[in-house]
Amino acid sequence: MSRPEHTGPPELFYDETESSKYASNSHIVKIQSEMAERALELLALPEDKVGYLLDLGCGSGISGDVISAHGHIWVGVDVSLPMLKFAIGDSVFYRDRDGPNHEKWSEATVLKKIGSVLFEIVRESGTKVVAHANQMKLRYVREDIDSLSVLIESFDMDRNRFVNVSPPPSPIRAHDEFDNISSPTVPRIVPTKEVENDQKKNDIEPTDVVENDKDSLPTEDLRQINRQDDEDPTKDLVLRDLGSGMPFRAGTFDGAISISAIQWLCHANASDQNPRKRLHRFFQSLYACMGRGTRAVFQFYPENEQQSDLIMSQAMRAGFNGGLVVDFPNSTKAKKVYLVLMTGGVQQLPKALTDEQEMGQRSQVENTARRVFQTGKKGGKERIVKGSKAWIEAKRERATKQGREVGNASKFSGRKRKAKW
Amino acid sequence: MKLLTHNFLSSRFLKNVTTGYPLKLTIEEKNVVEAEIDVNFLKNVMVKIDYAVLYEAAKSVGEDENLPSPNAIVDIDSLNEQQLKQLHRVLVCLDVVIGSLECPETGRIFPIRDGIPNLLVNEDEVS
């Protein structure tokens with residue numbers, strides 16, 4: 001498995017592209033949510049109490065969504081601004097928000113989708129300005145984010161077509177650009193009447209494209225994608241490097257969770273960074289801002305024993321009690337390591353999950369069934385038993401290739417005669 | 001950034017800063033997000049909050065109306081509905097979109113953009 005923390009500092013690794021990949025990958029989202037659920041469980045918060053929690057390295061807010069779903073209020077800390085923008089809901093788009101086809105899209109995803117459709121429209125009309133069309137759209141959308149939401153609302157994803165534009169998102173600017181780069185036969189890609197005309201010319205099915213006439217259109221189509229404008233009031237975000245300490249007052253939080261973040265602290269990304277010192281500073285300031293008798297749960301992927309030892313020892317030095325809880329220790333894939341840290345007094349560590357049944361409920365595939373063991377056979381080829389049907393057929397084939405005369409192939413080849421005969 | 005978060009933020013991580021609290025808040029743009037009032041949470045969080053700081057912060061946004069005076073000891077149970085509502089509004093609903101935070105001791109300024117306070121510092125600035 002490749003480790004992103006080897007490639008450079010997190011604030012550079014999680015740029016806009018990477019953040020959007022991260023936040024829209026359903027597999028990542030699923031696994032992260034599961035780990036966050038488990039971390040919350042390990043946190044063992046008192047029931048019926050709305051907690052004020054800390055999400056360390058919250059990223060795009062996947063783990064935070066889980067906290068919100070449990071009814072707690074949280075503060076997220078992360079070093080990547082694009083990730084935080086994702087978490088805060090800036091330029092997050094929903095398709096079919098409360099419906100069955102619910103999907104969360106980043107701006108990049110939306111652009112990609114619209115971009116590919118543009119590509120098709122251009123291709124259908126037989127012109128060659130494909131790349132220009134894409135770039136134009138990207139630039140044009142970036143200039144005016146509000147027109148993007150208009151664009152998406154009027155874009156029917158299932159039929160890959162613009163269905164309505166009201167008001168048209170400033171087409172003049174886009175036209176100008178287009179005229180500069182192409183011949184007069186180039187279709188207008190912006191959703192104006194020209195698109196409609198072009199489509200008709202190209203014998204695309206008769207369209208129900210109507211301009212500035214919302215009433216005649218099915219509203220479900222129009223409202224499939226909504227820009228998120230109602231922010232979630234249960235969270236707050238802070239741009240901060242974990243390694244330079246937590247910026248909070250003493251005794252602030254009722255608990256802290258961190259999903260796949262702490263291993264980033266074990267790497268120095270600049271000459272003035274010392275992982276040991278940064279971890280120490282982090283745990284010390286974290287210990288201070290946690291309330292008494294609360295817990296902090298870190299899920300992480302330790303690279304080797306030294307790494308988990310380093311993290312553990314720094315946490316203990318800062319005053320925490322606790323240790324590692326390893327779920328499914330015997331499985332390569334489902335194995336998850338949680339560092340459970342407790343403030344105030346020695347308590348018993350929660351039990352790790354090992355149960356086979358529990359395993360079945362989790363979404364990860366056990367690798368054992370797919371493994372193929374080869375024993376004692378050269379090259380994995382099965383030896384054919386002499387005199388068997390397969391042997392006869394192989395021999396006949398060989399003889400045919402050599403040009404010798406052979407008997408006809410029949411279904412009776414190689415069969416035993418009955419004793420009576 | 002909510003005033004709730006502001007109430008807990010401190011610049012103690014900076015070199016030679018002893019308390020670093022409260023951070024001076026300047027607000028250029030704010031936003032109000034409606035949310036359901038949760039008295040349980042208010043109760044839980046009011047124990048930890050520095051009410052005088054919250055009151056000052058609310059006052060700077062012009063939201064101190066209906067808030068109980070900072071001199072009185074704030075007991076959630078003694079507040080009337082209007083006061084509770086305002087407290088909830090100030091703590092949870094109000095969002096600072098653009099502004100800045102200033103360390104009271106060193107004067108280091110942390111900008112707030114898009115509702116996210118930027119508390120990044122250089123390695124040589126921290127203790």
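Whatever comes next refers back to the structure up there.
Reading guide: rules and limits
- Residues numbered from 1 in each chain as written.
- Chains lettered and ligands numbered in written order.
- Predicted model: local features only at pLDDT ≥ 70, side-chain atom pairs only at ≥ 80, totals over all residues.
- Heavy atoms only, no water.
- Buried < 20%, exposed > 50% of the residue type's maximum accessible area, 1.4 Å probe, protein only.
- Helix = DSSP H or I, 4+ residues; strand = E, 2+ residues; numbered from the N terminus.
- Contact = heavy atoms within 4.5 Å.
- Phe/Tyr/Trp six-rings, centres within 6.5 Å; stacked < 30°, edge-to-face > 60°.
- Lys NZ or Arg CZ within 6 Å of the ring centre and 35° of its normal.
- Pairing = 2+ DSSP bridges.
- Axes fitted to C-alpha atoms, helices over the stretch in contact; angles between N-to-C directions.
- Buried area = accessible area lost by both parts, 1.4 Å probe.
- Salt bridge = Lys/Arg side-chain N within 4 Å of Asp/Glu carboxyl O.
- Nonpolar A, V, L, I, M, F, W, Y, C, P; charged D, E, K, R; others polar.
- Core = buried A, V, L, I, M, F, W, Y, C linked by side-chain atoms within 4.5 Å.

Caption draft 1: Representation of helix 3 (residues 51–60) of chain B within the structure. Residues and elements named next belong to chain B. Among all positions of helix 3, only Tyr51, Val53, Leu54, Tyr55, Ala57 and Ala58 are buried. Those residues of helix 3 that are buried lie in contact with helix 1 (3–8), strand 1 (24–32), helix 2 (39–46) and helix 4 (81–93). The positive-phi residue at the C-terminal boundary of helix 3 is glycine 62, with phi of around 75 degrees.

Caption draft 2: Fine view of the packing of aromatic side chains. Enumeration according to the criterion identifies 14 aromatic pairs over all chains in this entry. Relative to phenylalanine 41 of chain B, the ring of tyrosine 52 of chain A lies with its centre 6.3 Å away and its plane at 55 degrees, an arrangement referred to as tilted. Of this pair, tyrosine 52 of chain A sits in strand 1 (residues 52–56) while phenylalanine 41 of chain B sits in helix 2, on two different chains. Overall, tyrosine 52 of chain A belongs to the buried group, its relative accessible area being 2%. Taking relative accessible area as the criterion, phenylalanine 41 of chain B reaches 2% and is therefore assigned buried. Summarising the aromatic geometry, the rings of phenylalanine 282 of chain A and phenylalanine 298 of chain A are spaced 6.0 Å apart at their centres and angled 80 degrees between planes, so their arrangement reads as edge-to-face. A residue pair is termed long-range when its members are at least 10 positions apart, and phenylalanine 282 of chain A in helix 12 (residues 275–289) and phenylalanine 298 of chain A in strand 10 (residues 290–300) qualify at 16 residues. A connected cluster of aromatic rings, assembled from ring pairs, spans Tyr52, Phe248 and Phe253 of chain A together with Phe8 and Phe41 of chain B. Its guanidinium or amino end placed over the ring of phenylalanine 13 of chain B, arginine 240 of chain A lies 3.6 Å from that ring's centre, counting from NZ or CZ.

Caption draft 3: Geometry of the sheet that holds strand 8 (residues 235–239) of chain A. All names here are of chain A. Taken in spatial order, the seven strands make up an open sheet running 8-2-1-9-10-12-11, and their pairing is mixed. Each edge of the open sheet is held by one strand with a lone partner, namely strand 8 and strand 11 (321–327). Strand after strand, the sheet turns through a mean of 20 degrees between neighbouring axes, direction not considered. As paired elements, strand 10 and strand 12 (residues 336–342) share six bridges and run antiparallel to each other. In the strand pairing of strand 12, arginine 295 is matched with methionine 342. Of the strands in this sheet, strand 2 (73–78) and strand 8 touch helix 5 (residues 81–88), which is tilted by about 170 degrees from strand 8.

Caption draft 4: Focus on the sheet that holds strand 4 (residues 116–117) of chain B. Residues and elements named next belong to chain B. Read across the sheet, four strands follow the order 1-2-3-4 without closing on themselves; strand pairing throughout is antiparallel. The open sheet has two edge strands with one neighbour each: strand 1 and strand 4. Note: strand 2 (residues 94–102) against strand 3 (residues 109–113), four bridges, orientation antiparallel. In the sheet register, serine 100 faces strand 3, and the bridge partner there is proline 111. Here helix 4 sits on the sheet and contacts strand 1 and strand 2; the angle it forms with strand 2, its principal contact strand, is near 65 degrees.

Caption draft 5: Seen up close, the interface of chain B and chain A. Chain B puts 34 residues into the contact, and the matching count from chain A is 34 residues. Between chain B and chain A, roughly 2,900 Å² of surface is buried when both sides are summed, and carbon and sulfur atoms account for 57% of that area. Sorting the residues of chain B by area buried against chain A places Phe8, Ile116 and Glu123 of chain B first, and these three jointly supply 24% of that buried surface. Our count for the chain B to chain A interface comes out at three salt bridges. Between glutamate 123 of chain B and arginine 278 of chain A there is a salt bridge, and its shortest N-O distance comes to 3.7 Å. Of all the secondary-structure elements, those providing two or more residues to the side of chain B that touches chain A are helix 1, helix 2 and strand 4 of chain B. A per-class count over the side of chain B that touches chain A returns 17 nonpolar, nine polar and eight charged.

Caption draft 6: Looking closely at the nonpolar core. Residues and elements named next belong to chain A. Residues Leu54, Phe248, Phe283 and Leu286 are the most contacted members of the largest nonpolar core, which totals 71 residues. If near-sequence neighbours (up to four positions away) are discounted, leucine 54 is found in contact with Val75, Val77, Met246, Phe248, Phe253, Gly255, Ala256, Ile257, Leu286 and Cys289. Listed in part, the 26 residues of the second largest apolar core include Met35, Leu53, Val66 and Ile67.

Caption draft 7: Region of interest: the side chain of threonine 5 of chain B. Along the polypeptide, threonine 5 of chain B turns up in helix 1. Judged by its relative accessible area of 1%, threonine 5 of chain B is buried. If sequence neighbours within four positions are ignored, threonine 5 of chain B has contacts with Tyr52, Val75, Asp236, Val238 and Phe248 of chain A.

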